[in-house]
Amino acid sequence: MEIKNRVKELRAKHSLTQGALAEKVNVTRQTIVALEKGSYVPSLLLAMNIARTFNLPIEKIFYLEDE
Amino acid sequence: MSIVRNVVYSIVSIMLMGWALSSMYYAQMDFAKIVKTNQEPPWTIEINTLPILIAIVVGTLFTVFTYPKLKKKRKSWKNVFLLPIEFEEGDEREKELTGKACRTSYISMWYTFPIISALFLLYPFISDNVPYYPIILFLLYPLIQIIAYFISWKKNY
């Protein structure tokens, strides 16, 4: 099982650049890039910050998927 | 990517340090001979200061290029001076990458130190031609660890 996310889709919906989102959640732009690629699973704190930015519950952004 | 530049700075600094220490070693050998034989003054020692000067100048330039940028990233001067310049810990992912790279570097230590220790056994055979051989071997150790750290960082980045 792996954790997938809808960050890229939601970021586009909110018209945010990777840099702008990175600034909002206090990480580097590369972390957002890695997150969208699925190569990085964020901490609970970062996931909650992203959820707050998009005004959604965490489970609407991050979900488990069978490999 | 600043880590590439910082790793290059570290490697070049260590190599220059090795060069400077090697030239100082020759002078130290002469001095040791004077002390051992209780030579009466006046006595003279020759030292090639070029490598030492180059190491100091290049080291100073690296510091001038690197530290102001590191101060912006790391906030406090304490972290600028006490942490290696390769460390990137801007956010949680970079901290995780640093952790992984440190793990790789630690593992590399267990492979490197027996080989380097064994290479000391060659010293009696080459001590006349390369008296500074232990310095080179000793500096090889951090070089390998830095390279292992860097490879791990790049691989996981």
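Residues numbered from 1 in each chain as written. Chains lettered and ligands numbered in written order. Predicted model: local features only at pLDDT ≥ 70, side-chain atom pairs only at ≥ 80, totals over all residues.

(A) Spotlight on the nonpolar core. Membership of the largest hydrophobic core is limited to 10 residues, which are Val7, Leu21, Val25, Val27, Ile32, Leu35, Tyr40, Leu46, Ala47 and Ile50 of chain A. When contributions to this core are tallied by element, the ones reaching two or more residues are helix 3 (29–37) and helix 4 (44–54) of chain A. The element that contributes the greatest number of residues to this core is helix 4 of chain A, accounting for three residues. With near-sequence residues (within four places) excluded, Val27 of chain A lies in contact with Ala22, Ile32 and Leu46 of chain A together with Asp91, Glu92 and Arg93 of chain B. Ranked by size, the runner-up nonpolar core spans nine residues in total, among them Leu97, Ala148, Phe150 and Trp153 of chain B. (Core = buried A, V, L, I, M, F, W, Y, C linked by C-beta atoms within 7 Å. Buried ≥ 20, exposed ≤ 12 C-beta atoms within 10 Å, placed from the backbone. Helix = DSSP H or I, 4+ residues; strand = E, 2+ residues; numbered from the N terminus. Contact = placed C-beta atoms within 7 Å.)

(B) Summary view of unusual backbone geometry. For the bond running from Pro41 of chain B to Pro42 of chain B, omega is 5°, close enough to zero to count as cis. Within the secondary structure layout, Pro42 of chain B lies in the loop between helix 1 (2–36) and helix 2 (50–74). You will see that Asn55 of chain A, though not glycine, has its phi angle at about 60°, which is positive. Among the structural elements, Asn55 of chain A can be located in the loop between helix 4 and helix 5 (58–61). Positive phi is not limited to glycine here, since Lys75 of chain B has a value of about 70°. Relative to the helices and strands, Lys75 of chain B resides in the loop between helix 2 and helix 3 (77–82).

(C) Examining the packing of helix 1 of chain B against helix 2 of chain B more closely. Residues and elements named next belong to chain B. Look at helix 1 against helix 2: their axes get within 8 Å of each other, and the N-to-C directions meet at 160°. In this view, helix 1 runs roughly antiparallel relative to helix 2, as classed from their interaxial angle. Considering the relative orientation of helix 1 and helix 2, their crossing is left-handed. Residues Asn6, Tyr9, Val12, Ser13, Leu16, Met17, Trp19, Ala20, Ser23 and Met24 of helix 1 form the contact with helix 2, whose own contacting residues are Pro51, Ile52, Ile54, Ala55, Val58, Gly59, Phe62 and Thr66. For the contact of helix 1 with helix 2, the per-class residue count stands at 13 nonpolar, five polar and no charged. (Axes fitted to C-alpha atoms, helices over the stretch in contact; angles between N-to-C directions. Parallel < 35°, antiparallel > 145°, perpendicular 65-115°, else oblique. Left-handed = near helix turned anticlockwise from the far one by under 90°. Nonpolar A, V, L, I, M, F, W, Y, C, P; charged D, E, K, R; others polar.)

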